[in-house]
Every structure is written in C-alpha cells, then in structure tokens.
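Close look at the chain arrangement
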Amino acid sequence: MDASLPAPAGQGLPQRGSPQRVLLVGASGFLGRHIAAVLASQGHAVAPVSRRHGLDLAHLDRPEAWQPLLVGIDAVINAAGILVEQQGQTFEAVHVRAPQALFDACVRAGVQRVIQISALGADDSAFSAYHLSKRAADDALRRTSLEWFVLRPSLVHGADGDSARLLMRCARLPWIPVLGTGRQRIQPVLVDDLCATVLACLRTRQARRTLDVVGPEPLTFAEWLQRLRAAQGRAPARLLHIPKAWAYVAAALAGGLSPLLHRDNLRMLEAGNVADAEPLAQFLGRLPATLAPASRADTTRAQGAAS
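Structural notes, computed from the coordinates. Given the structure is predicted, the values throughout are model-derived calculations rather than measurements. (Residues numbered from 1 in each chain as written. Predicted model: local features only at pLDDT ≥ 70, side-chain atom pairs only at ≥ 80, totals over all residues. Heavy atoms only, no water.)

Okay, the packing of helix H1 (residues 30-41) against helix H6 (residues 191-203) next. The interhelical angle for the contact between H1 and H6, taken along N-to-C directions, is 55°, at an axis separation of 10 Å. Here H1 lies oblique to H6, going by the angle between them. When the axes of H1 and H6 are compared, the crossing they make is right-handed. On H6, the residues that touch Phe30, Leu31, His34, Ile35, Val38 and Leu39 of H1 are Val191, Leu194, Cys195, Val198, Leu199 and Leu202. By residue class, the composition of the contact of H1 with H6 is 11 nonpolar, 1 polar and no charged. (Axes fitted to C-alpha atoms, helices over the stretch in contact; angles between N-to-C directions. Helix = DSSP H or I, 4+ residues; strand = E, 2+ residues; numbered from the N terminus. Parallel < 35°, antiparallel > 145°, perpendicular 65-115°, else oblique. Left-handed = near helix turned anticlockwise from the far one by under 90°. Contact = heavy atoms within 4.5 Å. Nonpolar A, V, L, I, M, F, W, Y, C, P; charged D, E, K, R; others polar.)

Structural data, given as structure tokens:
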C-alpha cells in the first residue's frame, strides 16, 4: 500500500479529516494521479489499482477477484475510465463488469463508502456507448446498500491532461479551429475542484448522492478555447469554422491519433454538456473556480522560455 507523507492542503480543499485507507481504481490515469496526490496530501493512504500497477480491470470481473484488495480498506474510489475501446479495453469490461464486481465485493467486505467517478451525460439522455456504460455502473451502485456517491464531471481541465494539452495547442494557433459554429455548450471544471469534491465525499455523512461536477458557468466551445488562449497569455484570435461533414471525415481517418477526435466524442460535443453548478457549490461550501488568464509575469516568463 502506497502511503505518502502529509503535505500542505491545496487552496480551497476541505480541511483534513481522519486518515483513511483508500482503494483507488484507475490510479495511473489523469484523474487518478490528481486524486492520489490530494489524498496523500491529506494524510490518507492510497492502495492503487491500474494496469501500470499490475492489475487489469478486464480480469477483475468477479467479486472474488476484488476481495483480497479490500482487506483493511476504509473507502473505495473508482476513477477508471476510457474514452475509446482499444487493446482489449472495452466499455463493457472497464466501465460495467469490473465496477459492478467491485461494488458487490464492497458489500461483502463491509467497505461502505464508495465514490464512483462517472460523467456528465450518463443519464436518461445518454446515447453513446461511453455514457451508456458509465450509466450502467452508476445504476448498479445506486441499487446497493452502500454509502455511495456518483460524481458526474463535465470536461475536466488540468494542464497535464491529454485533452487539455490538445486543446491548449489548438488555442495557440493563429486561427482557432472549431466544429461548425463553435457554439456547442460545455461547462469545464478544474481538476482541483473534482479532487476537492472527492475529499468532501470522504468526510461528509450525507451519502447516497449524485453530484454533477461542473464549472461555475456554461460556455460555448469557442469561448472555452479563447479562455485557454488567455490562460497562455495570448490575445483573442479569429475562429476557423470546420464544417461538420469535414470534421467527421477527419475523425474517421485520424480518430486513432486522439480519443477526442473519435466520432462518438464529436457527437457528444454537439449534444452539449452543461448542468446546474449550485448543488456542487452548496456541497463544497463555495463556487467552483474559473480558469484564470495568465498574469503579466507568467506571460513574460513564457516568452523568455520561448526565446
């Protein structure tokens, strides 16, 4: 079990509660890495589960496979997720069968608190295989007697995320490419706010809740790219409107280069991805944060590094 020395809590994060031993599924992914770091900073011990740690979810499809991993565990966080299916990693295996087996194992082992990282859109409006598989696991968890939380984040922004790096690169271009009008509605949330929500779920007594984890306000996709540009110290740029038909042809040809370019993900972008931020604000005791523009000092340093 990996345990790190406590570090100062991040700004805006809940104060440290009683240290817990947490099984973190998907520990090597973008969300898992951030959650693990914040858990350690609050004095919690993290037991990581991921292929990088020698544990493949495709093989953890029975409660009996999970039970040895739950010995001595106080809480479970499932942050595992894939955007596209590849190399034997399917939505059914990663999003449905493994989590359902994990939830059953938690019931048997008496591990009561389970936090499921789902996705905004995994509800009655779901149409993509991604959202439908997330919803299947969410519903399975809700049917248990556990102290569960289903967190449904919107697009999660963090500088080290694959999607963030791709969008940041797009935002730096002289002309910013957007799908069609660029007016698709999204509500990005900072990864620090997702982590703060996870910590709050570990501390609160008000369990059995579904929370949409979103930023403070809806934006259009074009507005978000302009904010990403401002966060890099750049002035607004003109938009390059990519016809939808062209975008889908490009997705068919280059979808393997990035999950964001997959056809289903373009369809999900077109459908929109927004929710009311007030329930999350009440849960955290504050509004979620907004991505801030780069300061003059940040811009100067970036220009110096590029010269």
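There is more to say after this.
A few words on the packing of helix H5 (residues 162-172) against helix H7 (residues 221-231). In contact at an axis separation of 8 Å, H5 and H7 are set at 85° when each is read in the N-to-C sense. The angle between H5 and H7 falls in the class roughly perpendicular. Contacts between H5 and H7 involve Leu167, Met168, Ala171 and Arg172 from the former and Phe221, Trp224, Leu225, Leu228 and Arg229 from the latter. Residues that form the contact of H5 with H7 fall into these classes: 7 nonpolar, no polar and 2 charged.

As a further point, take the packing of aromatic side chains. For the structure shown, the criterion picks out 2 aromatic pairs. Ring plane angle 70° and centroid distance 6.2 Å describe the contact between Phe91 and Tyr130, whose orientation is recorded as edge-to-face. Of this pair, Phe91 sits in helix H3 (residues 91-109) while Tyr130 is found in helix H4 (residues 129-142), placing the two residues 39 residues apart along the sequence. The same class applies to Phe91 as to Tyr130, namely buried. Aromatic pair Phe149 and Phe283: ring centres 6.3 Å apart, planes at 50°, arrangement tilted. (Phe/Tyr/Trp six-rings, centres within 6.5 Å; stacked < 30°, edge-to-face > 60°. Buried < 20%, exposed > 50% of the residue type's maximum accessible area, 1.4 Å probe, protein only.)

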